[in-house]
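# Chain and residue survey
Now for the letters of each chain:
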Amino acid sequence: MTPLTLTARPKGGRRTAWVPTIVLLLGALYCLIPIAWVVVAATKDRSELFSTFTFAPGSGFFQNLSDLTAYRDGIFWRWMANSAFYAGLGALLSAAVSAAGGYALGRYSFRGREAVFKMILAGVLVPSIVLAVPQYLLLSKLGMADSYWSMLLPSILSPYGVYLVRIYAAASVPAELMEAARMDGASEWRIFSRIAVPMMMPGLITVFLFQFVGIWNNFLLPFVMLADDEKFPITLGLYTLLAQGASQPALYTLVITGCLLAILPLIGLFLVIQRFWSLDLMSGSVKA
């Protein structure tokens, strides 16, 4: 028998393994430090905000929350409700449109399919800032400017969502299963709604999350479309508060507290949706 020999590990191996870990930790700190500052600053009252150490907790969080709620008869919560409406309904409609479009492009063969797909890819590359003014002019001609529709309609079609679902549908919905369903007499709509959609659910949840976060954090579109502050989302509402803070420094504490409250729904949504990701990915689509 040939004796076993141990291969010496390179001396630099262990040291090299720490490099990506350190890089990731630095990236995490870069992302988390501003959030930590917002959390701490939201606990400070007006006198503590600029006079105490940056990361020293204050004692005015509940007073800030009370002042924010009382500001203009609670318009902050109206802005939060508007953001939830725009982001929730817009993301839901966008996921539905992406499901239909991506499924058709991924599972059907028809003339012009590749041309349509290339146009969608081109749409992914177009920055949203380029489309803001044309969208405003178009909706203004239709009499929809400064309305809820002016926020919802531009959010329904997501080129990246259609692209993502197309890739996911081609990989997760077997053609053999579709043929078997047709042989059993299932209509194309039934195949899509009862078979394809459950299989594509992790991809659709991803599209929903991306669209929800994108619409919730969108500033340019409401800035261009809306004039009535009763229809403002949270981003534009906090911007108006910040702009007034130049002449009324007391509003800075309200802005910071509002920023903290504005990120809580996104964190909660991600934690809830992460559970559905895990369940859908573990369940699989086709079992042998």
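This text goes with the structure placed above it.
Residues numbered from 1 in each chain as written. Predicted model: local features only at pLDDT ≥ 70, side-chain atom pairs only at ≥ 80, totals over all residues. Heavy atoms only, no water.

## Overview of the packing of helix α9 (residues 175-183) against helix α10 (residues 188-199)
Threshold: Only the contacting stretch of a helix is used when fitting its axis, a line to C-alpha atoms as for every element, and angles between N-to-C directions run 0 to 180 degrees. Only DSSP runs of H or I with at least four residues qualify as helices, and only runs of E with at least two residues qualify as strands; both kinds are numbered from the N terminus onward. Crossing handedness is defined as follows: a turn of the near helix away from the far one that is anticlockwise and smaller than a right angle gives a left-handed crossing, while the clockwise case is right-handed. In what follows, a contact means two residues having at least one pair of non-hydrogen atoms within 4.5 Å. We call Asp, Glu, Lys and Arg charged. Ala, Val, Leu, Ile, Met, Phe, Trp, Tyr, Cys and Pro are nonpolar, and the rest, Gly among them, are polar.
Relative to each other, α9 and α10 sit at 145 degrees, their axes nearing to 10 Å. The interaxial crossing formed by α9 with α10 has right-handed handedness. Together, L177, M178, A181 and R182 of α9 and E188, I191, I195 and M199 of α10 make up the contact between the two elements. Partitioned by chemical class, the residues of the contact of α9 with α10 number 6 nonpolar, no polar and 2 charged.

## Points about the side chain of S150
Test applied: Identification of polar contacts relies on pairs of N or O atoms within 3.5 Å, with a donor-acceptor requirement for protein atoms, meaning one able to donate a hydrogen and the other able to accept it, and with residues adjacent in sequence counted only if both atoms are side-chain atoms.
Within the secondary structure layout, S150 lies in helix α7 (residues 149-156). Here S147 takes part through its backbone oxygen, which lies 2.5 Å from a polar atom of the side chain of S150. Residues contacting S150, with those up to four places away along its chain left out, are L139, M144, A145, L221, M225 and L226.

## Brief notes about the pattern of salt bridges
Where side chains of opposite charge bring their charged atoms close, a pairing between them can arise. What counts is decided by this rule: We define a salt bridge as a side-chain nitrogen of Lys or Arg found within 4 Å of a carboxyl oxygen belonging to Asp or Glu. Three exposure classes are used, based on accessible area relative to the maximum for each residue type with a 1.4 Å probe and protein chains only: buried under 20%, partly exposed in between, and exposed over 50%.
Scanning all chains against the criterion turns up 8 salt bridges. In this structure, E114 engages R166 in a salt bridge whose closest nitrogen and oxygen atoms are separated by 3.5 Å. Pair noted here: E114 is in helix α5 (residues 113-125) and R166 is in helix α8 (residues 159-172), with a separation of 52 residues, a long-range link. For the salt bridge of E179 with R182, the shortest nitrogen-to-oxygen distance reads 2.9 Å. Of this pair, E179 and R182 both sit in helix α9, separated by 3 residues, roughly a single helical turn. Judged by relative accessible area, E179 falls into the partly exposed class, the value being 43%. What makes R182 partly exposed here is its relative accessible area of 27%. Through salt bridges with shared partners, a single network forms among R113, E114 and R166.

Don't take any of this as a statement about function, it's just geometry.
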